[in-house]
Amino acid sequence: MKDPIKEAASIIRESKYLVALTGAGISVESGIPAFRGSQGLWDKYDPFEYAHISSFYNNPKKVWSMLRELYRISLNAKPNPAHYALSRLEEMGFLKAIITQNVDGLHQRAGSKRVIEFHGSGETLTCLDCRKKYKIYDVDINVPLPKCSCGGVLKPDIVFFGEMIPPEALDESMNLARCADVFMVVGTSAQVYPAAGLPIMAKERGARIIEINLELTQLTSSITDVFLQGRAGEILPLLVGEILKGNRSKVDNS
Ligand code: APR
């Protein structure tokens, strides 16, 4: 049987429009916990009590207790080899865009240029009363309830359950899924829609699906063509190395 990394590398070398969808798993090696599974955030916090928009409106102080914990981890986190490998793939001209469900900004910090933040961004906040925007570094998150100068409650610009996906992000991501001839899915349990529908849409348009995950997901047996099982921070650098090897041998043979 062909080595799956070699197989994925050859698919990517021949691709014309590679798009990646990333999830919490890609940032686990940066120290940010994923949502599902043991040690996932939703093991500790019930998502309906802490991540639904109505919970934020009803009891923002309670939701901020979870947000504060997340911010303390993510503001100190650094991109890991998986983020850098995707940035390298873009630089090499293969990867056209990353659609990320993450709100940690680590792809951009690793140098990726075209990043669509499907679930919004934790780096900015909006006042629920006057709509003034703040950058996270200008906000004191150590108080029980971060507020605007007008006294209104600040809400991070992340998409809570029950909120709409930002329309531009949804449009752009659907277009990318339609254009992709190879679609790479990294570190997502693919349980949350509409994000989980993007690889399915790409597959329906004829894209090959490469999936990188520690565990099998509902995509693995249904639409995945090449499954690379393991840590994204190990697999992605190996994949980039393999693609580079192939490029070099093409040059050597010409
Ligand atoms: N490398 C690769 N995959 C990993 C790694 C790793 N080092 N660590 C964990 N994973 C995988 C897990 O096996 C799991 O399939 O990452 C996936 C993480 O899944 P979730 O925690 O469900 O995260 P995600 O799919 O991004 O969640 C989607 O759900 O609660 C919402 O808004 C939140 O954006 C989030 C959305």
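This text follows the structure it describes.
Fair warning: this is a prediction, and the values are worked out from it, not measured in the lab.

Chemist: Which parts of the structure should I look at to understand the sheet that holds strand E7 (residues 182-186)?
Modeler: Strand pairs in the sheet, formed through backbone hydrogen bonds, run parallel or antiparallel to each other. A sheet is described by the order of its strands in space; here 6 strands give the open sequence E3-E2-E1-E7-E8-E9, paired in parallel fashion. Where the open sheet ends on each side, the last strands, each with one partner, are strand E3 (115-117) and strand E9 (226-229). This sheet shows a mean twist of 15° between the axes of neighbouring strands, independent of strand direction. Sheet topology places E7 next to strand E8 (residues 208-213); 5 bridges connect them, and they run parallel. Opposite Val182, over in E8, you have Arg208 as the bridge partner. Lying over the sheet, helix H8 (residues 167-179) contacts strand E1 (18-22), strand E2 (95-100), E3 and E7, oriented at roughly 130° with respect to E3. Each of E1, E2, E7 and E8 is contacted by helix H9 (residues 197-204), which is oriented at about 160° to E7, the strand it contacts most.

Chemist: Any chance you could explain the nonpolar core here in plain terms?
Modeler: Where a protein is soluble and globular, its nonpolar side chains tend to be buried together. Counting 28 residues, the largest nonpolar core has Leu89, Met184, Ile210, Leu228, Leu236 and Leu239 as the members making the most contacts within it. The set of elements that each furnish at least two residues to this core consists of helix H1 (4-13), E1, helix H6 (81-91), E2, E7, E8, E9 and helix H10 (232-253). Considering every element that reaches this core, the biggest residue donor is H10, with 6 residues. Setting aside residues up to four positions removed in sequence, Leu239 forms contacts with Ile5, Ala8, Ala9, Ile12, Met184 and Leu228. With 25 residues, the next largest nonpolar core counts Tyr45, Ala51, Val63 and Leu125 among its residues.

Cut-offs and rules
Residues numbered from 1 in each chain as written. Predicted model: local features only at pLDDT ≥ 70, side-chain atom pairs only at ≥ 80, totals over all residues. Heavy atoms only, no water. Pairing = 2+ DSSP bridges. Helix = DSSP H or I, 4+ residues; strand = E, 2+ residues; numbered from the N terminus. Axes fitted to C-alpha atoms, helices over the stretch in contact; angles between N-to-C directions. Contact = heavy atoms within 4.5 Å. Core = buried A, V, L, I, M, F, W, Y, C linked by side-chain atoms within 4.5 Å. Buried < 20%, exposed > 50% of the residue type's maximum accessible area, 1.4 Å probe, protein only.

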